[in-house]
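Each chain is listed here by its residues.
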Amino acid sequence: MWIAIVVIALIGAFLLLPIHIIFGNSQGEFRFVVKIAGVKVAKLPKDAKSENDNFISKALKKAFGIKDDEQAALNKAGSKDKKQGLAVSVGDVLRIVGNTLAEVKELLRHITVKKLTLNIKCTGENAADAAINYGKVCAVVYPFLTLVHTTFKVKERGERVDILCDYDGDKDSFLFNIVLSVGVGRVLAAASKVIFKEIGERIKNESKK
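Analysis parameters
Residues numbered from 1 in each chain as written. Predicted model: local features only at pLDDT ≥ 70, side-chain atom pairs only at ≥ 80, totals over all residues. Heavy atoms only, no water. Helix = DSSP H or I, 4+ residues; strand = E, 2+ residues; numbered from the N terminus. Contact = heavy atoms within 4.5 Å. Salt bridge = Lys/Arg side-chain N within 4 Å of Asp/Glu carboxyl O. Buried < 20%, exposed > 50% of the residue type's maximum accessible area, 1.4 Å probe, protein only. Phe/Tyr/Trp six-rings, centres within 6.5 Å; stacked < 30°, edge-to-face > 60°. Expected span 1.5 Å × (residues − 1). Polar contact = N/O pair within 3.5 Å; in protein donor to acceptor, adjacent residues only side chain to side chain. Pairing = 2+ DSSP bridges. pLDDT = per-residue confidence, 0-100. Core = buried A, V, L, I, M, F, W, Y, C linked by side-chain atoms within 4.5 Å.

K.L.:
Honestly, the environment of Leu145 in this entry has me stumped. Any pointers?
P.N.:
In this structure, Leu145 sits in helix α6 (residues 127–151). Between the alpha carbons of Leu145 and Leu116 there is a distance of 9.7 Å; along the sequence they are 29 residues apart. Aside from chain neighbours lying at most four places away, what touches Leu145 is Leu116, Leu118, Glu159 and Val161.

Next up, the structure:
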């Protein structure tokens, strides 16, 4: 009994773990990072070491007993046997995409924007051009922020937007950093709904034959 309680508690704790999606160019180059409970599971751009040493990839290979050379052989064999695989019609693809988008739309309600920083500097050939460019940027950025606030939960303390008009500057700059957070359970629930809907559709189609 105690073992069952411990297992249930561990599963519950896992489902409550946060997934953090981080992207921006505040460090001089664009980066995209996905972390689960602080552990990095995906990164762009990839460096050679992280690409080869991804622990999820290693765990999957180890679980199925696949080595790198075996994986290459499987990929080669799979390319030869494509014609023998299950045929997927355009209707199937559209249905899957539609179900996925529906669940993504529902998932958006549970995503929290933990950090949103924008730092934009507008310049121009002269003061008038700089002011015009500043107005154009504001006309795009503030409606975008309104959309973000109506779509997601935004942490007020994590939001900072600075739009500057530099009359004497000679170079525009645009820096941003965004951190999104969502629970593992929410993502798994959305993925499960898509999978079960597709299974149901396939069973329904098979029964009609």
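Now, onward.
K.L.:
Whenever I open this one, the pattern of salt bridges confuses me. Can you help?
P.N.:
Two side chains with opposite charge may pair up if their charged atoms get near one another. Under the definition given, this model contains four salt bridges. Salt-bridge contacts for Asp166 lead to Lys121; the nearest nitrogen and oxygen are separated by 3.9 Å. Of the two residues, Asp166 is situated in the loop between β6 (159–165) and β7 (173–183) and Lys121 in strand β4 (residues 112–122); the sequence distance between them amounts to 45 residues. In this structure Asp166 comes out as partly exposed when scored by relative accessible area, which is 25%. Taking relative accessible area as the criterion, Lys121 reaches 27% and is therefore assigned partly exposed. Here Arg160 ties to Asp162 by a salt bridge, and the two come within 2.9 Å at their closest N and O atoms.

K.L.:
Could you clarify how one ought to interpret the packing of aromatic side chains in this entry?
P.N.:
Centre distance and the angle of the planes are the two values used to describe a pair of aromatic rings. Applying the stated rule across the entire model yields one aromatic pair. With a centroid separation of 5.4 Å and an interplanar angle of 25 degrees, the aromatic rings of Phe174 and Phe176 are classed as stacked. Taking relative accessible area as the criterion, Phe174 reaches 44% and is therefore assigned partly exposed.

K.L.:
What is the right way to look at unusual backbone geometry in this model?
P.N.:
Excluding glycine, residues mostly have negative phi values, and the peptide bonds linking residues are mostly trans. Phi is positive for Ala37, which is not a glycine, with a value near 55 degrees. By the element assignment, Ala37 lies in the loop between β2 (31–36) and β3 (39–44).

K.L.:
Explanation requested: α6 in the structure shown.
P.N.:
Along an α-helix, residues three or four apart share an orientation, since each turn contains 3.6 residues. Here α6 contains 25 residues, and its C-alpha end-to-end distance of 36 Å stays within 8% of the 36 Å for a straight helix at 1.5 Å per residue. Turning to α6, its buried residues number three or more, namely Ala130, Cys138, Val141, Leu145 and Val148. Where the residues of α6 are buried, they touch β4, β5 (153–154) and β6. By the N-cap criterion, in which a side-chain oxygen at the helix start approaches the backbone nitrogen of a residue two or three places on, α6 is capped by Asn126, the distance to Ala128 being 3.1 Å.

K.L.:
Looking at this model, I keep getting lost on the pairing of β3. Mind explaining?
P.N.:
Note on strand geometry: in a regular strand, side chains alternate between the two faces of the sheet. Two strands pair when backbone bridges link them, and β2 and β3 are joined in this way by five bridges, in the antiparallel orientation. In the strand pairing of β3, Phe32 is matched with Leu44.

K.L.:
How do you make sense of the confidence of the model for the protein when you look at a structure like this?
P.N.:
For residues with low pLDDT, the predicted coordinates do not support detailed interpretation. For the protein, the average pLDDT comes to 77, and 70% of its residues sit at 70 or higher. Long-range and interchain partners of residues 80–87, a stretch whose pLDDT sits below 50, account for one contact in this model, where long-range means more than four residues apart.

K.L.:
Help me understand the nonpolar core in this model?
P.N.:
If you look at soluble globular proteins, the nonpolar side chains tend to sit buried side by side. Of all hydrophobic cores here, the largest spans 20 residues; its most connected members are Leu116, Leu118 and Val141. Residue assignment for this core shows that the elements contributing at least two residues are β4, α6 and β7. Apart from the residues lying within four places of it in its own chain, the contact partners of Val141 are Leu118, Ile120, Val161 and Ile163.

K.L.:
I'm lost on the pairing of β7 in this one. Help?
P.N.:
Bridge count for strand β1 (residues 18–24) against β7 is seven bridges, and the pairing is antiparallel. Within the sheet, the bridge partner assigned to His20 lies in β7 and is Ser181. Direction of pairing for β4 relative to β7: antiparallel, over a ladder of nine bridges. For Lys115, the partnering residue across the bridge sits in β7 and is Val179.

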